Amino acid sequence: FTLNLLRCLSEAKVRNHVMGAGKMPAISLSRHCQNYVTCDPREFDKPTESFVRRIKDYCAKEKIDVILAANMRSSFLLSRIKNEVSVNGTVVFPIADWNELQLLHNKWSFARLLTDNDIPIPETRILEKADQLKDLRLDFPLVVKPIDRGNKLGVKVLSSKEELLSHLASEKDGSQLPLLLQEYIPGMDIDLNLLAEKGVVRAWSIQKWVNDQTLEFIEHEGILDIGKKIAAASNYTGVAHFDMRLDSRDGSVKVIECDPRFWGSIRASLWNGINFVEAGIKI
């Protein structure tokens, strides 16, 4: 994610500094990185006063104009401290408050947001205790996923109740309760990328996966309308990537989940004419 952002920033003629957890040779040696500094990874989850002061001092010393978060963990960090580090001419890239980020990042709260606003979603349930299974009517195949992970970590498509029980008993990473149980939608993956400001969408692109290696950008008013509804309902500020499916049975669109952060294929949007990083800096 960070390398992709550095390349997008370089296209906008921006000089980049990176503060990251531990050594990252691919970034620190990149021609797009002006300087790389390390920090304690534990500070990302519970930032101390000294850590916030270090960020402020570095920004003042290097005359940093904009601070942005490269991934979900640093997005949560920056949402907590954005007011404290927005000093001495430094501003934070558009980002939601912590509660708004959590609303979209948590798959169960996101599912309820969609349901409450009549936005199409696969049938979705939460499994908090194993004994709930006896009372649930389940149609297979279904998708099982942790409620607070990203990048498809822990996501499984299961074809029977026996496979589900085996998955719950496996004690593998991603099989621990609570889990989201979601109807499997046959069809094609399609993604909405957007940048919003206080619930208003300012930039967007829509991409569908022709195959594992090929993206095609399209126009689709229905999908854009869905994105506008979600942004307005959550009063969202920042970038977000929505995973959706084009249902092969009836051509309808179903929203699967949201990553309220930059996404891995952001450079494809850049090549298609939309530099989301530059657009956010202009905001």
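Keep in mind that this is a model prediction, so the values were computed, not measured.

A. Fine view of the sheet that holds strand β7 (residues 156-158). The sheet built from four strands is open, its strands ordered β5-β8-β6-β7 with antiparallel pairing. Only two strands of the sheet have a single neighbouring strand rather than two, namely β5 (124-127) and β7. Neighbour-to-neighbour, the strand axes of this sheet turn through a mean angle of 30°, independent of strand direction. Judged from the five bridges that link them, strand β6 (residues 142-146) and strand β8 (residues 179-183) form a sheet pairing that is antiparallel. Considered in β8, the bridge of Val 144 is made with Leu 181. With respect to the sheet, helix α6 (residues 107-116) is in contact with β5, β6 and β8, its orientation differing from that of β5 by roughly 145°.

B. Main features of the sheet that holds strand β13 (residues 253-259). Pairing in this open sheet of five strands is antiparallel, and the strands run β11-β10-β9-β12-β13 from one edge to the other. Of all strands in the sheet, those bounded by a partner on one side alone are β11 (214-218) and β13. Here the strands of the sheet are splayed against their neighbours by 30° on average, with no regard to which way each runs. Inspection of the sheet shows strand β12 (residues 238-247) paired to β13 by six bridges, in the antiparallel sense. The residue bridging Leu 246 from the neighbouring strand is Val 253, located in β13.

C. Up close: the environment of Pro 186. Its place among the elements puts Pro 186 in the loop between β8 and β9 (187-197). For Pro 186, a relative accessible area of 23% translates into the label partly exposed. In this structure the C-alpha to C-alpha distance between Pro 186 and Asp 225, which are 39 residues apart in sequence, comes to 22 Å. Other than its neighbours up to four places away in sequence, Pro 186 contacts Arg 245, Leu 246, Asp 247, Ser 248 and Arg 249.

D. Structural detail: the side chain of Lys 145. Along the chain, the position of Lys 145 falls in strand β6. A distance of 3.1 Å separates a polar atom in the side chain of Lys 145 from a polar atom in the side chain of Gln 182. The residues contacting Lys 145, other than those within four sequence positions of it, are Lys 107, Gly 154, Val 155, Leu 179, Leu 180, Gln 182, Ile 256 and Glu 257.

E. Main features of helix α3 (residues 49-62). With 14 residues, α3 extends 20 Å from end C-alpha to end C-alpha; this agrees with the ideal 20 Å at 1.5 Å per step. Considered for burial, the residues of α3 that qualify are Phe 51, Val 52, Ile 55, Tyr 58 and Cys 59. Buried residues of α3, seen end-on, are gathered within an arc of 125° and therefore sit on one face of the element. Exposed side chains of α3 directed beyond 90 degrees from the buried face belong to Glu 49 and Lys 61. Elements in contact with the buried residues of α3: β1 (16-21), β2 (33-39), β3 (66-67) and α4 (72-85). Within two residues after α3, Lys 63 carries a phi angle of roughly 55°, on the positive side.

F. Fine view of the packing of aromatic side chains. Going through the model one piece at a time under the given rule, you end up with five aromatic pairs. Between Phe 76 and Trp 98, the aromatic rings sit 5.6 Å apart at their centres with planes inclined by 45°, giving tilted as the arrangement. Placement of Phe 76 in helix α4 and of Trp 98 in helix α5 (residues 98-105) is noted, with a sequence separation of 22 residues between them. Residue classification places Phe 76 among the buried residues on the basis of a relative accessible area of 12%. The class of Trp 98 is partly exposed, set by a relative accessible area of 31%. Here the aromatic rings of Trp 263 and Phe 276 are separated by 5.0 Å at their centres, their planes lie at 80°, and the arrangement is edge-to-face.

What counts and what doesn't
Sequence order as written defines residue numbering, which begins from 1 separately in each chain. Whole-chain, interface and lining totals are the exception, using all residues; otherwise, since this is a predicted model, local features are given only for residues with pLDDT of at least 70 and side-chain atom pairs are given and counted only at 80 or more. In computing side-chain values, all of the structure's heavy atoms are included and hydrogens and water are not. Strands pair, by our definition, only if DSSP identifies at least two bridges between them. Only DSSP runs of H or I reaching four residues or more are called helices, and only runs of E reaching two or more are called strands; each is numbered from the N terminus. For helices, the fitted axis covers only the stretch in contact; all axes are lines through C-alpha atoms, and the angles between them, taken along N-to-C directions, range from 0 to 180 degrees. Contact criterion: two residues are considered in contact whenever any of their non-hydrogen atoms come within 4.5 Å of each other. Residue exposure (1.4 Å probe, protein chains only): buried if accessible area is under 20% of the type maximum, exposed if over 50%, otherwise partly exposed. In protein, a polar contact requires one atom able to donate a hydrogen and another able to accept it; more generally it is a pair of N or O atoms within 3.5 Å, and residues adjacent in sequence count only if both atoms are side-chain atoms. To estimate how far a helix should extend, the number of its residues minus one is multiplied by 1.5 Å. For this quantity, the arc is that covered by the directions from the helix axis to the C-beta atoms. Ring pairs are drawn from Phe, Tyr and Trp, using the six-membered ring of Trp, whenever the two centres fall within 6.5 Å, and their geometry is named by plane angle: stacked under 30 degrees, edge-to-face over 60, tilted for the rest.

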